[in-house]
Amino acid sequence: MNRREFVSGLAAASAFANVAPLAEAAEAKRVALVIGNGAYRNVPALLNPPNDANDIAAALRRLGFTVSLATNASFDEMRRGLIALGREAAGADMAAVYFAGHGMEINGENWLIPVDAELKRDTDAANEAINLQSVMLQVSSTTSLGLVILDACRNNPFAAKMNRSIATRAAPVSGLGRIEPVGNVLVAYAARDGTTALDGDARNSPFAAALLRNIEAPGVEVTFMFRNVRDDVMEATRNAQQPFVYGSLSRKAIYLAGRPADGSGQAPPPSPLPAAVSPAPTSPVIDPALVGTWEIMVSSGRGQSRWIWQIMSDGTYRFHAEPQRSARAHEGTITAANGRWTLHATRGLSGYSDGGAYEIHDALAVITGKLGTGAWKRSAE
């Protein structure tokens, strides 16, 4: 069972347990600017960005964002859209920018390219393209999250024909360059710095398709949502493309599509975990209320699966899934007392461990671990 499968399971379980509706997530002010540039005038067109932008805009609206949408935007349209967003973002709970199209690094600076750009020389970028730093600045004044999502790492035809003003700049860099956002800003690249992303041959790019599958999943903290996107893209591209997220947020959990079942907005402090798998304790500590068989239903692109956890009074557990291909069976040791738990796999899943908090409500257990919060239903088995 990989990290993505475990988080997906928590998300599905939270939905099963009647998590807070999306309307709750929309109570605070959320604003977004979505841009999809495909009809470039001076290089070959990109097919997917307008589709990606339209579909992402619709998803953000369903998540409670007030969205400004621009397709095939010129430099002036992008500039004015960002200025308007910055004004709306001041004091808002969340502000987001999604850009699909061409982007490039020039001498350590990252640029988003409008459809009317010519970029005959590297020095033209300051007057014909949008600097990524200015985009991050426009979303930085929110109270909770400033989010920049860039499907702009494609193999860029501007770089090949551009005249460089200094000889040391002669070798163009693929994709976008590494950045270090500050404050409450996260920046997500479709492909990590120095690499390129695929445009795809379907309606959406691989990155946009993965984002659309995950962005509205309830009960998944935003950073874990991007981990799910990463895994989806790497699976779809056979590891040819690896998305990457830059930025460092506080311990406060942030949800785009509603909080998990316990309704908390604060991630619990992580429990200390041993560096290596520990042997079974000689005197296991296990809450009798947690002993038994628990199950969750998990949805994925391959359909629904049933995950079953058997927790024994001797401090051991067994996990399996139906169908078996949906998650790897494993077993190990578990402790649970006074609302805290730890788990260590000893067979079937090398080196896996977790820990956190739990609450028992009759036939429902609300489990919080290092990857999120979910709800398990007591099984009749």
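Residues numbered from 1 in each chain as written. Predicted model: local features only at pLDDT ≥ 70, side-chain atom pairs only at ≥ 80, totals over all residues. Heavy atoms only, no water.

Take the packing of aromatic side chains next. In total, this model carries 7 aromatic pairs according to the counting rule given. Each ring, one from Y40 and one from F158, has its centre 6.0 Å from the other, and the planes form 70 degrees; the classification is edge-to-face. Of this pair, Y40 sits in the loop between β1 (30-36) and α3 (49-62) while F158 sits in helix α7 (residues 157-161), placing them 118 residues apart in sequence. The buried category is assigned to Y40, whose relative accessible area is 5%. (Phe/Tyr/Trp six-rings, centres within 6.5 Å; stacked < 30°, edge-to-face > 60°. Helix = DSSP H or I, 4+ residues; strand = E, 2+ residues; numbered from the N terminus. Buried < 20%, exposed > 50% of the residue type's maximum accessible area, 1.4 Å probe, protein only.)

Turning next to the sheet that holds strand β8 (residues 185-189). If you walk across this open sheet you meet the 6 strands as β2-β1-β3-β7-β8-β9, and the pairing is mixed. Each end of this open sheet is capped by a strand with a single partner; those strands are β2 (66-71) and β9 (244-246). Averaged over all pairs of adjacent strands, the angle between their axes in this sheet comes to 10 degrees, without regard to strand direction. When strand β3 (residues 94-100) meets strand β7 (residues 145-151), the two strands line up parallel, connected through 7 bridges. The residue bridging Y98 from the neighbouring strand is I149, located in β7. Contacts from helix α8 (residues 206-214) reach β3, β7 and β8 within the one sheet, and its direction differs from that of β7 by about 140 degrees. (Pairing = 2+ DSSP bridges. Axes fitted to C-alpha atoms, helices over the stretch in contact; angles between N-to-C directions. Contact = heavy atoms within 4.5 Å.)

So, about unusual backbone geometry. For the peptide bond that leads from E322 to P323, omega is 0 degrees, which places it in the cis range. Within the fold, P323 resides in the loop between β12 (316-322) and β13 (330-337). In this model, N72 sits at a positive phi of 55 degrees, which is unusual for a non-glycine residue. Checked against the element boundaries, N72 lands in the loop between β2 and α4 (75-89). A positive phi angle, close to 55 degrees, is found at R238, a residue other than glycine. Inspection of the secondary structure puts R238 in the loop between α9 (222-236) and β9. Judged by its relative accessible area of 77%, R238 falls in the exposed class.

Once that is clear, we can look at the environment of D52. Its place among the elements puts D52 in helix α3. Of the residues examined, D52 reaches a relative accessible area of 0% and is grouped as buried. Taking the C-alpha atoms as reference points, D52 and T71, separated by 19 residues in sequence, lie 9.9 Å from one another.

Here 3 strands make up an open sheet; going across it, the order is β4-β5-β6 and the pairing antiparallel. Bordering the open sheet on either side are β4 (103-106) and β6 (130-131), each of which pairs with just one other strand. For strand β5 (residues 109-112) and β6, the ladder comprises 2 bridges, and the chain directions are antiparallel. Looking at β6, one finds that L112 is bridged to I130.

All right, on to the pairing of β1 then. With 7 of 7 residues buried, β1 is to be regarded as a mostly interior element. Residues R30, A32, V34 and G36 point to one face of β1 and V31, L33 and I35 to the other, with burial holding for every one of them. Judged from the 7 bridges that link them, β1 and β3 form a sheet pairing that is parallel. Bridging across to β3, R30 finds its partner in M94. Two strands pair when backbone bridges link them, and β1 and β2 are joined in this way by 6 bridges, in the parallel orientation. Residue pairing for β2: V34 is matched across the bridge by L69. At this point the chain moves from β1, through α3, to the parallel β2, and the crossover so formed is right-handed. (Right-handed = clockwise from strand over helix to strand, strands pointing away.)

Each packed pair of helices is defined by two parameters, the angle between the axes and the distance between the axes. Following both chains from N to C, one finds α8 and α9 inclined at 135 degrees, their axes separated by 9 Å at the closest point. Considering their axes alone, α8 and α9 lie oblique with respect to each other. For the element pair α8 and α9, the recorded crossing hand is right-handed. Taken together, the residues of α9 that come into contact with α8 (itself represented by P206, F207, A210, L211, R213 and N214) are M225, F226, N228, V229, D232 and V233. For the contact of α8 with α9, the per-class residue count stands at 8 nonpolar, 2 polar and 2 charged. (Parallel < 35°, antiparallel > 145°, perpendicular 65-115°, else oblique. Left-handed = near helix turned anticlockwise from the far one by under 90°. Nonpolar A, V, L, I, M, F, W, Y, C, P; charged D, E, K, R; others polar.)

That's the geometry; what it means functionally is another story.
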